[in-house]
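Chain by chain, the residues run as shown.
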Amino acid sequence: MAAYLIADVEVTDAAAFEEYIREVPATEARYGGRYLGATRVLEGDWEPHRLVIVEFPDMHSLLEWYNSPAYQRLKAIRERCAKTRIMTLEGVAT
């Protein structure tokens, strides 16, 4: 069952964040992760900064990626140059 990583990223140092943007997709792809399309707020006053949704085959793959040594190095970069709120969403079997 698919699992989703949902992140609201407020970039505070765009130049430093470029390394993260350049390298993170390859780490996600190794675990079956793929970016989903653009988002748009339809109702309410929610104003996400940079909303990112990544789909993984399952929660196990998502967590394996998140805890992987390759991502931990990039996570440290992200933490220095952005304020981020991250959550996961596990799909529902139909």
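Residues numbered from 1 in each chain as written. Predicted model: local features only at pLDDT ≥ 70, side-chain atom pairs only at ≥ 80, totals over all residues. Heavy atoms only, no water.

Asker: What should I look at first to understand the packing of helix 1 (residues 14-29) against helix 3 (residues 69-81) in this one?
Answerer: What describes two packed helices is the angle between their axes and the distance between those same axes. Interaxial distance between helix 1 and helix 3 falls to 9 Å at its minimum, and their mutual angle equals 155 degrees. Judged on the interaxial angle alone, helix 3 and helix 1 are roughly antiparallel. Classified by chirality, the crossing of helix 3 by helix 1 is left-handed. For the pair helix 1 and helix 3, contact is made by A16, F17, E19, Y20, E23, V24 and T27 and by A70, Y71, R73, L74, K75, I77, R78 and C81, respectively. Per-class residue counts for the contact of helix 1 with helix 3 are nine nonpolar, one polar and five charged. (Axes fitted to C-alpha atoms, helices over the stretch in contact; angles between N-to-C directions. Helix = DSSP H or I, 4+ residues; strand = E, 2+ residues; numbered from the N terminus. Parallel < 35°, antiparallel > 145°, perpendicular 65-115°, else oblique. Left-handed = near helix turned anticlockwise from the far one by under 90°. Contact = heavy atoms within 4.5 Å. Nonpolar A, V, L, I, M, F, W, Y, C, P; charged D, E, K, R; others polar.)

Asker: What is the right way to look at the environment of R80 in this model?
Answerer: The residue R80 is located in helix 3 in this model. In sequence terms R80 and D13 are 67 residues apart; their C-alpha atoms lie 8.2 Å from each other.

Asker: How should the environment of I6 be read in this particular structure?
Answerer: With respect to the helices and strands, the residue I6 is situated in strand 1 (residues 3-11). Once residues within four sequence positions are removed from consideration, I6 is found in contact with L51, V52, I53, R85, I86, M87 and L89.

Asker: Which parts of the structure should I look at to understand the environment of E90?
Answerer: Mapped onto the elements, E90 comes out in strand 4 (residues 82-90). Judged by relative accessible area, E90 falls into the partly exposed class, the value being 43%. A C-alpha to C-alpha distance of 25 Å links E90 and E23, two positions 67 residues apart in sequence. If near-sequence neighbours (up to four positions away) are discounted, E90 is found in contact with M1, A2, A3 and M59. (Buried < 20%, exposed > 50% of the residue type's maximum accessible area, 1.4 Å probe, protein only.)

Asker: Would you take a moment to explain the sheet that holds strand 4 for this structure?
Answerer: The pairing of strands in a sheet happens through backbone hydrogen bonds and is either parallel or antiparallel. Strand order in the open sheet made by the four strands is 2-3-1-4, with antiparallel pairing throughout. In this open sheet, the two edge strands, each paired with only one partner strand, are strand 2 (34-35) and strand 4. Of the pairings in the sheet, the one linking strand 1 to strand 4 comprises nine bridges and is antiparallel in character. The partner of A3 across the bridge, within strand 4, is E90. (Pairing = 2+ DSSP bridges.)

Asker: Can you walk me through the nonpolar core in this structure?
Answerer: Side chains of nonpolar character tend, in soluble globular proteins, to be buried together. Judged by nonpolar contacts, the single largest core of 18 residues is most densely connected at L5 and Y20. Contributing elements (two or more residues each) for this core: strand 1, helix 1, strand 3 (51-56), helix 2 (59-66) and helix 3. What Y20 contacts, discounting residues up to four positions off in sequence, is P25, Y71, L74, K75, I77 and R78. (Core = buried A, V, L, I, M, F, W, Y, C linked by side-chain atoms within 4.5 Å.)

Asker: Can you walk me through the pairing of strand 1 in this structure?
Answerer: In the case of a regular strand, side chains alternate between the two sheet surfaces. The element strand 1 is extensively covered by neighbouring structure, given that seven of its nine residues are classed as buried. For strand 1 and strand 3, the ladder comprises six bridges, and the chain directions are antiparallel. Counted as the bridge partner of D8 is L51 from strand 3.

Taken by themselves, the reported measurements are silent on function.
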